[in-house]
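Examining the three-dimensional arrangement
For reference, the chains in residue letters:
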Amino acid sequence: MIIDAILDSFIDSVRLLPFLFVTYLVMEYLEHKAGDKMQAAIRRAGKGGPVIGSILGIFPQCGFSAAASNLYAGRIITMGTLAAVFLSTSDEMLPIMISENVGAALIFKILAVKVLVAILAGYVIDFIFSKNEKDLQIEHLCEQHHCHCERGIWKSALHHTAEIFLYILLISLALNLLIMWIGEDVLGSMILNRPVAGALFAGLVGLIPNCAASVAVTQLYLGGMLSSGAMIAGLLSGTGVGFLVLLRVNDDRRENIRLVGLLYLISVLAGVMIETLGIVF
């Protein structure tokens, strides 16, 4: 049974490779063409920062949440705008769902919910925690952690594809072994029948500061082990490497902890609300 689980995980992951590579190749091309323009747009947004940040954040381009962290550290954007970027960032959710042939309508609904929550949360946070802005020399996206712009779009796309393939393979293997050990019905009931617990759990997974978080949440949802609300909670709290960069460039540790707590709270509340309203994606 263990050998079967390993083989199934490997075969399922390999099937995604062509779709992942094409998706990342397109994303790398767009990033190289529009990355600087996106940063400039969010700097000029002013009071419209949460709206602009949430819309730009849905595109999972390399280093954008990291770039937003640097912009915030220099008070060029507000905490609300940074929160909007973090909440709307879908990281690896989009390429995985595309590679899994998930319908465009479902993807649009998920992204729309993330953008709406990000906008509302951004303005509320700005209203409560207003900050003065000051000038800061912003680094180029290519100078951020975990970005590979200098390699060119082909090598960068290959790097991202290999990295996410490994994540998907390991997580798929872990899920298959867990299902084999516990049983699919038991595992599903542990989360799906407990809306609040599911949102709390997924929100914590989303806080993991790397690509594995969004991969895990997306795979759990597609595998039927996370409800719609729990999935939204996990994807809202996931920021990729954004938090890691924020911790490095922003010296106010209390502020960083406060932001993490706020985003986790917002993510869980949004997930619980979706469950309470009976919204199913």
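Residues numbered from 1 in each chain as written. Predicted model: local features only at pLDDT ≥ 70, side-chain atom pairs only at ≥ 80, totals over all residues. Heavy atoms only, no water.

1. Remarks on the overall build of the protein chain
The cut-off we apply is this: Think of it this way: any DSSP run of H or I at least four residues long counts as a helix, any run of E at least two long counts as a strand, and we number them from the N terminus. The buried label goes to any residue with under 20% of its type's maximum accessible area, the exposed label to any with over 50%, and the partly exposed label to all in between, with areas taken from a 1.4 Å probe on protein chains only. In this description, contact between two residues means that some pair of their heavy atoms is separated by no more than 4.5 Å. Shrake-Rupley sampling with a 1.4 Å probe provides the accessible areas, and residues are treated as covered by the protein chains on show and by no other component.
Secondary structure summary: the protein chain contains 13 helices and zero strands in total. Put simply, the protein chain runs from its N terminus to its C terminus through helices and strands in the order α-α-α-α-α-α-α-α-α-α-α-α-α. With 281 residues in all, the protein chain has 52% of them scored as buried. The long-range fraction of contacts in the protein chain, counting pairs at least 24 apart against all pairs at least 6 apart in sequence, stands at 83%. Summing over all exposed atoms, the protein chain offers an accessible surface of approximately 13,100 Å²; the carbon and sulfur share of this is 67%.

2. Looking at the nonpolar core
The nonpolar side chains of a soluble globular protein tend to be buried with one another. Note the following rule: To define a nonpolar core, start from buried Ala, Val, Leu, Ile, Met, Phe, Trp, Tyr and Cys residues and group those joined through side-chain atoms within 4.5 Å.
Counting residues in hydrophobic clusters, the biggest one holds 48 residues, and the most contacted among them are Leu82, Ile110 and Leu259. For this core, the leading source of residues is helix H6 (residues 104–128), giving eight residues. Residues in contact with leucine 82, not counting those within four places in the same chain, are Ala68, Ser69, Tyr72, Ile77, Leu246 and Leu259.

3. A short note on the confidence of the model for the protein chain
Heads up, the condition is: Per residue, pLDDT measures the predictor's confidence, with a range of 0 to 100.
For the protein chain, the mean per-residue pLDDT works out to 77, and 74% of the residues sit at or above 70. Scored below 50 in pLDDT, residues 132–150 makes 49 contacts in the model with residues more than four places away or belonging to other chains.

4. Re the packing of helix H4 (residues 79–88) against H6
The test is simple: Each axis is a line fitted through C-alpha atoms, taken for helices only over the stretch in contact, and angles between the N-to-C directions span 0 to 180 degrees. Here roughly perpendicular refers to angles of 65 to 115 degrees, roughly parallel to angles under 35, roughly antiparallel to angles over 145, and oblique to all remaining angles. Here a crossing is called left-handed whenever its near helix is offset anticlockwise from the far helix by less than a right angle, and right-handed whenever the offset is clockwise. Three classes are used, and their members are as follows: Ala, Val, Leu, Ile, Met, Phe, Trp, Tyr, Cys and Pro are nonpolar, Asp, Glu, Lys and Arg are charged, and the others, Gly among them, are polar.
Where H4 contacts H6, the axes come no closer than 8 Å and their chain directions differ by 160°. Here H4 is positioned roughly antiparallel relative to H6, judged by the angle of their axes. When the axes of H4 and H6 are compared, the crossing they make is right-handed. Across from Met79, Gly80, Thr81, Ala83, Ala84, Leu87 and Ser88 in H4, the residues of H6 making contact are Lys114, Val117, Ala118, Ala121, Gly122, Ile125 and Asp126. A breakdown of the residues in the contact of H4 with H6 according to their chemical character gives eight nonpolar, four polar and two charged.

5. Considerations on the side chain of serine 54
Short version of the rule: For this analysis, a polar contact is any N or O atom pair within 3.5 Å, provided that within protein one partner can donate a hydrogen and the other can accept it, and provided that sequence-adjacent residues contribute only side-chain to side-chain pairs.
Mapped onto the secondary structure, serine 54 falls in helix H2 (residues 49–57). For serine 54, a relative accessible area of 0% corresponds to the buried category. Side-chain polar atoms of serine 54 contact the backbone oxygen of valine 51, separated by 2.8 Å. With residues near it in sequence (within four places) discarded, serine 54 still touches Ala84, Ser88, Val115, Ala118 and Ile119.

6. Digging into the packing of helix H12 (residues 242–249) against helix H13 (residues 253–276)
Relative to each other, H12 and H13 sit at 160°, their axes nearing to 9 Å. Taken together, the axis directions place H12 and H13 in an arrangement best described as roughly antiparallel. The chirality of how H12 crosses H13 is right-handed. Contacts between H12 and H13 involve Phe243, Leu246, Leu247 and Arg248 on the former and, on the latter, Arg253, Asn256, Leu259, Val260 and Leu263.

7. A word on the side chain of serine 69
Tracing the sequence through the fold places serine 69 in helix H3 (residues 64–73). Apart from residues lying up to four places away in sequence, serine 69 is in contact with Leu82, Phe86, Gly242, Val245, Leu246 and Val249.

8. Concerning a nonpolar patch on the surface
So the rule is basically this: Patch membership needs two things, relative accessible area over 30% and no salt bridge, and members are linked within 9 Å if like-charged or within 5 Å if nonpolar (Val, Leu, Ile, Met, Phe, Trp, Tyr). Think of a salt bridge as a Lys or Arg side-chain nitrogen and an Asp or Glu carboxyl oxygen that are within 4 Å of each other.
Where nonpolar side chains cluster on the molecular surface, the patch consists of Ile3, Leu7, Phe10, Ile11 and Val14 and spans about 440 Å² of accessible area. Note on placement: isoleucine 11 falls in helix H1 (residues 2–43). For isoleucine 11, a relative accessible area of 40% puts it in the partly exposed group.

9. Re unusual backbone geometry
Unlike most non-glycine residues, asparagine 101 shows phi in positive territory, near 60°. Turning to its location among the elements, asparagine 101 is positioned in the loop between helix H5 (93–99) and H6. Relative accessible area serves as the criterion here: at 60%, asparagine 101 is assigned to the exposed category.

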